[in-house]
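Spelled out, the chains give:
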Amino acid sequence: MTKPASTHDTGPALRCLSLGAGVQSSTVLLLACEGVIPRFDVALFADTGWEPRAVYANLARLRAHAAKFGIPVRTVSAGNIRDDALDPAHRFVSMPLHVLNPDGSHGLARRQCTSEYKISPLKKAARELLGYPHPRRVPRGLYVEQAIGISTDEFTRAKDSGVKYLRNVFPLIDLGWDRARCADYLAERGFGETVKSACVGCPFHGNAGWRWLRDNDPDGWAEAVEFDRAIRDGYPHATRQGQELRGQYFLHRSCQPLDEVDLDPPAPGKRHLRLVSTKAVEDDDPDGCSPWSCRSGAPVTGERAA
């Protein structure tokens, strides 16, 4: 999956890792530490400000581990997505909230959170590492090679960066590793408790993800429930700017208040009449969130009124 080099390509000026501190990207970092793949000059964690506490704990472990092998782990950020979304004075934050339209149909709000809170700060960091911060033009042929933790079972999520100064490569795909192989590898090295990396309030969580948060991160769960209530009529900034938002907004795909949803798995053999499969509701977020490779959920069917 590595992009073929052109005849004039002298190689990357720097090698970096987009580190989400989830299963796949943690595996890539440890592989670099062990010399299985080329060492990184730096690993960059794009922090939305609202990751599960287990992700931040794993990030701290990874930072200490990588430092022993000369790989610094830096945090970059465009702000706190939760605080920004609830701030009436902040610009509109585009999270893919589930929408209950006035006619009873369900939709999905506009989504640009991955671009704004992960991709943009990583692009900014790449420019700064090269010595050409915006608006300076990056010279032709000068680029950062950026590793992304996409495994073989997710190969359709592998995407180019969209800019010439940042070239994405996918070491796990090159190695032929799937997510299960990554999980085994982490467990063998004492990182078996690594969890998926995704915002606490990501609307793409399935019941399994919400249940894990409820049962393992009570503070995060309380924040998600509070946030879910706060966005019922849309984002405060849009309201303040006179932008009427049609319908009601929810974190859970059922368009019910998060703390009222039955998140427990159905008992074996018990029949459930659902409009979507039990598996879809349970496992809607198998891959977590990664820059350039957000699953993006189902096609957008909801809309925001101007």
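Preceding this paragraph is the structure being described.
Residues numbered from 1 in each chain as written. Predicted model: local features only at pLDDT ≥ 70, side-chain atom pairs only at ≥ 80, totals over all residues. Heavy atoms only, no water.

1. Brief notes about the overall build of the protein chain
So, step 1. In terms of regular secondary structure, the protein chain is built from ten helices and eight strands.
So, step 2. Counting the 306 residues in the protein chain, one finds 48% classified as buried.
So, step 3. Contacts in the protein chain between residues at least 24 apart in sequence constitute 71% of all its contacts with a sequence separation of at least 6.
So, step 4. With an accessible surface of roughly 14800 Å², the protein chain has 51% of that area assigned to carbon and sulfur atoms. (Helix = DSSP H or I, 4+ residues; strand = E, 2+ residues; numbered from the N terminus. Buried < 20%, exposed > 50% of the residue type's maximum accessible area, 1.4 Å probe, protein only. Contact = heavy atoms within 4.5 Å. Areas by Shrake-Rupley, 256 points an atom, 1.4 Å probe, with all protein chains shown as cover.)

2. Notes on the side chain of Asp228
So, step 1. Inspection of the secondary structure assignment puts Asp228 in helix H8 (residues 218–230).
So, step 2. Reaching out from Asp228, the side chain makes a polar contact with the backbone nitrogen of Leu258 at a distance of 3.0 Å.
So, step 3. Non-local contacts of Asp228, meaning those with residues more than four positions away in its chain, are made with Tyr249, Phe250, Leu251, Pro257 and Leu258. (Polar contact = N/O pair within 3.5 Å; in protein donor to acceptor, adjacent residues only side chain to side chain.)

3. Observations concerning the packing of aromatic side chains
So, step 1. Inspection of the entire model under this criterion finds three aromatic pairs.
So, step 2. Ring plane angle 65 degrees and centroid distance 5.2 Å describe the contact between Trp177 and Tyr185, whose orientation is recorded as edge-to-face. Residues Trp177 and Tyr185 agree in their burial class; the two are buried.
So, step 3. Of note, Arg82 hangs over the ring of Trp50, and the distance from its end group to the ring centre comes to 5.8 Å.
So, step 4. Taking the ring centre of Trp177 as reference, the NZ or CZ of Arg181 above it sits at 4.3 Å. (Phe/Tyr/Trp six-rings, centres within 6.5 Å; stacked < 30°, edge-to-face > 60°. Lys NZ or Arg CZ within 6 Å of the ring centre and 35° of its normal.)

4. Points about the sheet that holds strand S8 (residues 248–250)
So, step 1. Strand order in this open sheet of three strands is S5-S4-S8, and the pairing throughout is antiparallel. In this open sheet, the two strands that pair with only one neighbour each are strand S5 (106–108) and S8. Direction aside, the axes of adjacent strands within the sheet are offset by 35 degrees on average.
So, step 2. Direction of pairing for strand S4 (residues 98–100) relative to S8: antiparallel, over a ladder of three bridges. When the sheet's bridge partners are listed, His98 is paired in S8 with Phe250. (Pairing = 2+ DSSP bridges. Axes fitted to C-alpha atoms, helices over the stretch in contact; angles between N-to-C directions.)

5. Section: the packing of helix H1 (residues 23–33) against helix H2 (residues 53–67)
So, step 1. Remark: H1 packs on H2, axes separated minimally by 11 Å, with the N-to-C direction vectors making an angle of 10 degrees. As judged from the angle between their axes, H1 and H2 are roughly parallel. On the side of H1, the interface is formed by Ser26, Leu29, Leu30 and Cys33, while H2 contributes Asn58, Leu62, His65 and Ala66.
So, step 2. For the contact of H1 with H2, the residue count by class is five nonpolar, three polar and no charged. (Parallel < 35°, antiparallel > 145°, perpendicular 65-115°, else oblique. Nonpolar A, V, L, I, M, F, W, Y, C, P; charged D, E, K, R; others polar.)

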